[in-house]
Amino acid sequence: MSKYTLTQLEQHEEFIRRHIGPDAGEQAEMLACVGAASLDELTERIVPPAIRLPAPLSVGPSYSEAEGLSAIRALASRNKVCKNYIGMGYYGTEVPKVILRNVLENPGWYTAYTPYQPEIAQGRLEAILNFQHLSIDLTGLDLASASLLDEATAAAEAMALAKRVSKAKKANVFYVADDVFPQTVDVVKTRARCFGFEVIVGPAAEAVNHDVFGVLLQYTNRWGEIGDYTDLIAQLHEMKAVVTMAADIMSLVVLRAPAVMGADVVFGSAQRFGVPMGFGGPHAAFFVTRDEYKRSMPGRIIGVSKDSRGNRALRMAMQTREQHIRREKANSNICTAQVLLANMASFYAVYHGPEGLKCIAQRIHRLTDILATGLKSKGIDLKNASWFDTLTFTVADNAALLARATAADVNLRCDADGSFGVSLDETITRADVAQLFDIILGAGHGLKPGLIDEVLLATGSGSIPASLRRKSEFLTHPTFNRYHSETEMMRYIKRLESKDLALNHSMISLGSCTMKLNAAVEMLPISWPEFANMHPFCPQQQAEGYQALIRQLADWLVDITGYDAVCMQPNSGAQGEYAGLLAIRQYHESRGEGHRNICLIPQSAHGTNPASAQLAGMKVVVTACDKLGNVDLDDLRTKAAEMADSLACVMITYPSTHGVYEETVRDICGIIHQYGGQVYLDGANMNAQVGITSPGYIGADVSHLNLHKTFAIPHGGGGPGMGPIGVKAHLAPFVAGHSVVALEGAAKDNGAVSAAPYGSAGILPISWMYIYLLGTKGLTLSTQVAMLNANYVAKRLGEHYPILYRGRDGLIAHECIVDLRPLKEACGVTEMDVAKRLNDYGFHAPTMSFPVAGTLMVEPTESESKVELDRFIDAMIAIRHEIARVESGQWPVDNNPLHHAPHTLADIMDPAFDQRPYDRQLAVFPSDAVKANKFWPTVNRIDDVYGDRNLFCACVPISDYE
Ligand SMILES: *Cc1c(COP(=O)(O)O)cnc(C)c1O
């Protein structure tokens, strides 16, 4: 019998039973089906003994949900929530409760996957389109991306875009104004170093004195000043430089759009549109540029197209999966972005509308005016002559001011030169401004905000230069003017949600993506104020709870990965790859081997691997795979020997992207190390390793972990994610640092890879809870059941479809590849047809055409019960029978339920349907399971080519609506 079985759970282990789908009885049935006596025996047969961990993890015992909540409550209570005026890209905000409850805390939104299957994702596609529309309207530029990871990485992307499109081909300088946020400069410098660009930081006006291909300005700047850059930009354009601009989203409501000044790229954080600070993230960054640069755009774009009935339909445009297709030639490595947070920000704008937003922005500005007027009347020196929401000033007695602020639980910005800053936000009231007077001026100043208000009414403040005030309308589109009552808003959110298939409807068996349960108990703490309302740059002693949580999580991950240290900064898997490769680069440099720049990548690798290698300034050399999908050891050895002195590293995935535990993985590590290279192991498949083997034990040097795959952070419809990296001790000194917050372990001048010191810290409580609740026993059991579920699916589907790769004993690891190429050859039915037909059966398609074109990759995860697996398998078998009818000629290749899938209500209401060779019943209710739980795709199959030819990425014009 298995060491761990569900029947022997103690009370404090009850969560294991909730997380793991199949109960003891179901497990026994499935074990019988795959021909194994126990989970342990199955594991033994699957996993090569050479890599099997000799001892269990030391994560600790398992806990009940109640115990978990009280443990994390205790951590939360060690965070002190102060009033924050720190600003620097992070601001207090009121999350509208209708959005908090119906989006952030709603599995219909947070458990959805990236909308690669647009027919069952029209809801979130519309919400993202709203985000793009908002970005375009506020900046005045033409083309917006669906979201980037944060403001600082968006700046790095803007720099890369500038280099791609600038006609100043010989220029190698990217000039950064010295009033840009320091964390942005930090991330830009890190990226520039890899590309070999020279970064010069100096006064904005002096950019023209350098041979620049691009320039970064910030509007409003870090001191609060609002610059008019019109003339400067005109001069820079004459030099053929591309001008990129960081902008504050709230200020854009009242300020002139940057496009009017001539900016070529505008980006910034959308955090203060209703997304909590979360100690640094997750938040969405917006990114907007000129239409002519569309081929150079980083990240995803949502575009408008039409479906097979000619109806309007949305889908990801152009570079939809650009790093998957273009690999090392991709514009960026962005895969997981920040969809959930972009949607929250867009809903915030929809809920408030243009008038509501103006009201909020003007109130923030007015209170800042009052504060400034009061301070000036008392002789305080303001550093900035103009402002929207931020003032920088000096006082006579810094210590006294700080003491008063501390006593009042108020955080101000403290600059290195001894000046102070305050940034106001929508949560600030008149009473808060009165308190600021007390803090800054000391008692007895006699100022009253109300009286100053009257003065201002009479004189005006002139704090926004007339030339920089917004004169144009924005958000006039009906979507932003219809849903201002809570009832309307609640229904709009619900209407969109119902168009999307998420985990709360049925299993999403996406290979490599590990769509497991995101338990409610894991999600609860992220909206607690002690986690949600912490500023990332607050005095770190206020964040003791976060520090303890992060340290504990890092310790567990060290144990789970077999590494020596974990860096929590990268905020997606692909960013983790980039951060890990940087550590490798710096390690080589530290040994005088900075010339090592070759990154070997097997041809089966995920597209982000080569894209990240390119970002890290490495050259990609592709190595072959053998017929079984394994890394071709001979080819690897030959190439490693050829590169020898220039070999930097290899990037492999384990178990392989084909879902098999390669027997030779230790040999791979040995070969690479022999030639002085490092081994990067892509940790996306950790779900097949936890408690059984580990990258460190196998012999790798560094890996990223997708906390949004293996460690229960939900996918959010395409983000957020977290991609911390684990490293062996020799790489630990080279992980990311941060210029604002000193990080334990990392050298201070190690460049940053994200804006915030701990990336998207606000979602780390989810993974903390996951590991804490499951403990050693539940984590290990999860891995074993993930393997059981996958083998059960492979076994049953294998009777109807070829399963592409198998490992020892004909078994697979945690996912399987269903080969549809022979069927396509035989009768023209494609993997796309099968994917869309699965929608009719109420399922999301598995991963399509990765890692092998013409296949589907299924990863059921441990969270799916046998009942659900059977429903999925039965659907796949029924589809196989349908294909047989096409094969036999009973149905024409271009007129059958697969070809026309997915089916909509419009289809079956159409009298022309009578001409089809199958009936309506088969179209939309192909099984009893579907009848009991029907999901209706809202559009028919979407025409990608049409959408790309007619690229349109904002809300459809009002005329199209009526
Ligand atoms: C998901 C995945 C990645 C990228 O992770 P993101 O968080 O989406 O950036 C990299 N490699 C593999 C194998 C993956 O499955």
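Per chain, residues are indexed from 1 in the order of the written sequence. It should be noted that, the model being predicted, local features are given only for residues of pLDDT at least 70 and side-chain atom pairs only at 80 or more, the latter also being counted only at that level, while totals for whole chains, interfaces and linings use all residues. No hydrogens and no water enter the side-chain calculation; it runs on all heavy atoms of the structure.

1. Topic: the site of the ligand
So the rule is basically this: Distances are taken per atom, and a residue is near a molecule or strand as soon as one of its heavy atoms is within 4 Å of it. Polar contacts, as used here, are pairs of N or O atoms within 3.5 Å; protein pairs need one atom able to donate a hydrogen and one able to accept it. Residues neighboring in sequence count only if both atoms are side-chain atoms. Computed with a 1.4 Å probe, the accessible areas rest on the Shrake-Rupley method; for each residue, only the protein chains presented here act as cover. Only protein atoms enter the calculation, which uses a 1 Å grid: trapped sets of points that fit a 1.4 Å probe without letting it out are cavities, open sets showing protein on both sides within 12 Å along at least five of seven lines are pockets, and any residue with an atom within 4 Å of a point is a lining residue. Whether a molecule lies in a cavity or pocket depends on its atoms, and more than half of them have to be within 2 Å of the grid points. Here the nonpolar group is Ala, Val, Leu, Ile, Met, Phe, Trp, Tyr, Cys and Pro; Asp, Glu, Lys and Arg are the charged ones; every other residue, Gly included, is treated as polar.
Residues in close proximity to the ligand total 14 residues, the closest being T336, S512, D682, H708 and K709. The separation between an oxygen atom of the ligand and a polar side-chain atom of S512 is 2.6 Å. Starting from 380 Å² of accessible surface for the ligand in isolation, the protein chains cover 98%. With respect to the pocket detection grid, the ligand is positioned in the largest cavity. Taken together, the residues of the shell around the ligand break down into three nonpolar, eight polar and three charged.

2. A look at helix α21 (residues 573-590)
The cut-off we apply is this: Where helices and strands are cited, they refer to DSSP runs of H or I of at least four residues and of E of at least two residues respectively, numbered from the N terminus. Multiply 1.5 Å by the residue count of a helix minus one, and that product is the helix's expected span. For every residue, the accessible area (1.4 Å probe, protein chains only) is compared with the maximum for its type, and the residue is labelled buried under 20%, exposed over 50%, or partly exposed between those bounds.
With 18 residues, α21 should cover 26 Å at 1.5 Å per step; its first-to-last C-alpha distance of 26 Å lies within 8% of that length. Counting buried residues in α21 gives 16 out of 18 residues, a clear majority hidden from the surface. G592 sits one or two residues past α21 and shows a positive phi near 70 degrees.

3. Brief notes about the layout of surface pockets
The criterion, for reference: Grid points are joined across faces, edges and corners, and a volume is the space filled by probe spheres set on the points.
The calculated volume of the second largest pocket comes to roughly 500 Å³. Every residue lining the second largest pocket is counted, 23 residues in all, and those nearest its centre are A554, V566, C567, E744 and G745. Here the element with the most residues in the lining of the second largest pocket is helix α20 (residues 544-561); it accounts for six residues. Taken together, the residues of the lining of the second largest pocket sort by class into 16 nonpolar, three polar and four charged.

4. Thoughts on the sheet that holds strand β12 (residues 390-394)
Put simply, the test is: Any two strands with at least two DSSP-identified bridges between them are counted as paired.
In spatial order, the strands read β11-β12-β15-β14; together these four strands make up an open sheet with antiparallel pairing. Single-partner strands in this sheet number two, and they are β11 (381-382) and β14 (413-414). Examined bridge by bridge, β14 and strand β15 (residues 420-423) share two bridges and lie antiparallel to one another. Bridge pairing in β15 places C414 opposite F420.

5. Examining the sheet that holds strand β26 (residues 942-943)
Worth spelling out the cut-off: Only heavy atoms enter the contact rule, under which two residues are in contact if any of them lie within 4.5 Å. To get an axis, a line is fitted to the C-alpha atoms, and for a helix only the part in contact is used. The angle between two axes follows their N-to-C directions and goes from 0 to 180 degrees.
Ordered by their spatial adjacency, three strands build an open sheet running β10-β9-β26, and the pairing between neighbours is antiparallel. The outermost strands of the open sheet, each flanked by one partner alone, are β10 (312-316) and β26. Against the sheet, helix α7 (residues 122-139) makes contact with β9 (302-307), β10 and β26, and its axis sits at roughly 80 degrees relative to β10, the strand it touches most.

6. Observations concerning the side chain of N630
By the secondary structure assignment, N630 is in the loop between β18 (619-623) and α23 (633-643). A residue is classified by how much of its surface remains accessible, and N630, at 17% relative accessible area, is buried. With near-sequence residues (within four places) excluded, N630 lies in contact with A624, C625, H658, V660 and E662.

7. Digging into the packing of aromatic side chains
Heads up, the condition is: Only Phe, Tyr and Trp rings take part, Trp by its six-membered ring, and two of them pair if their centres are within 6.5 Å. Stacked means planes under 30 degrees apart, edge-to-face means over 60, and tilted covers everything else. Two conditions define a charge located above a ring, namely a distance within 6 Å from the ring centre to NZ of Lys or CZ of Arg, and an angle within 35 degrees of the ring normal.
On inspection of all chains with the given rule, the structure shows 26 aromatic pairs. With a centroid separation of 6.1 Å and an interplanar angle of 80 degrees, the aromatic rings of F347 and Y492 are classed as edge-to-face. Linking F347 in helix α13 (residues 339-377) with Y492 in helix α17 (residues 486-498), this pair joins segments that are 145 residues apart in sequence. Each member of the pair, F347 together with Y492, is buried. Ring plane angle 80 degrees and centroid distance 5.5 Å describe the contact between F913 and Y918, whose orientation is recorded as edge-to-face. Residue class for Y918 comes out buried when judged on its relative accessible area of 5%. In this structure an aromatic cluster arises from ring pairing among F279, W528, F531, Y546 and Y758. We note R191 situated over the ring of Y578; from NZ or CZ to the ring centre the distance is 5.0 Å. Between K934 and the ring centre of W936, over which it is positioned, the NZ or CZ distance is 4.9 Å.

8. Focus on the pattern of salt bridges
The following threshold applies: What counts as a salt bridge is simple: a side-chain nitrogen of Lys or Arg found within 4 Å of a carboxyl oxygen of Asp or Glu.
The final tally for this structure, using the stated rule, is 45 salt bridges. Note that K358 and E355 form a salt bridge whose closest N and O atoms lie 3.2 Å from each other. Of this pair, K358 and E355 both sit in helix α13, three residues apart, which is roughly one turn of that helix. Here R808 makes a salt bridge to E663, at a shortest N to O gap of 2.9 Å.

9. Concerning the domain arrangement of the protein
Operational definition: Residue ranges assigned to the domains are those given by an automatic or database domain assignment. Computed with a 1.4 Å rolling probe, the buried area is the accessible surface lost when two parts are put together, summed over both parts.
For the protein, the assigned domains read domain 1 (114-348), domain 2 (543-554 + 564-772) and domain 3 (782-949). On a C-alpha basis, the centres of domain 2 and domain 3 stand 33 Å from each other. Counting residues at the interface gives 21 residues for domain 2, matched by 20 residues for domain 3. Taken over both partners, the interface formed by domain 2 and domain 3 buries close to 1500 Å², and the fraction arising from carbon and sulfur atoms is 59%. The largest contributions to the domain 2 side of the interface with domain 3 come from H658, G659 and N687, which together make up 34% of the buried area. Grouping the constituent residues of the side of domain 2 that touches domain 3 by class yields nine nonpolar, 10 polar and two charged.

10. Digging into the packing of α21 against helix α22 (residues 608-615)
Basically, it comes down to this: When describing relative orientation, an angle under 35 degrees is termed roughly parallel and one over 145 degrees roughly antiparallel, while 65 to 115 degrees is termed roughly perpendicular and anything else oblique. In this scheme the crossing of two helices becomes right-handed for a clockwise turn of the near helix relative to the far one and left-handed for an anticlockwise turn of less than a right angle.
The interhelical angle for the contact between α21 and α22, taken along N-to-C directions, is 45 degrees, at an axis separation of 9 Å. Here α22 runs oblique to α21, going by the angle between their axes. At the point where α21 passes α22, the crossing takes the right-handed sense. On the side of α21, the interface is formed by A574, E577, Y578 and L581, while α22 contributes T608, N609, S612, A613 and L615. Classifying every residue of the contact of α21 with α22 by side-chain character gives five nonpolar, three polar and one charged.

11. Observations regarding the pairing of strand β20 (residues 678-682)
Worth spelling out the cut-off: Consider the strands pointing away from the viewer: the crossover is right-handed when the path from the first strand over the helix to the second runs clockwise.
Counting buried positions along β20 gives five out of five residues, so the element sits mostly inside the fold. The pairing of strand β19 (residues 647-653) with β20 spans five bridges and is classified as parallel. In the sheet register, T653 faces β20, and the bridge partner there is D682. This β-α-β element, β19 to helix α24 (residues 665-674) to β20, shows right-handed connectivity.

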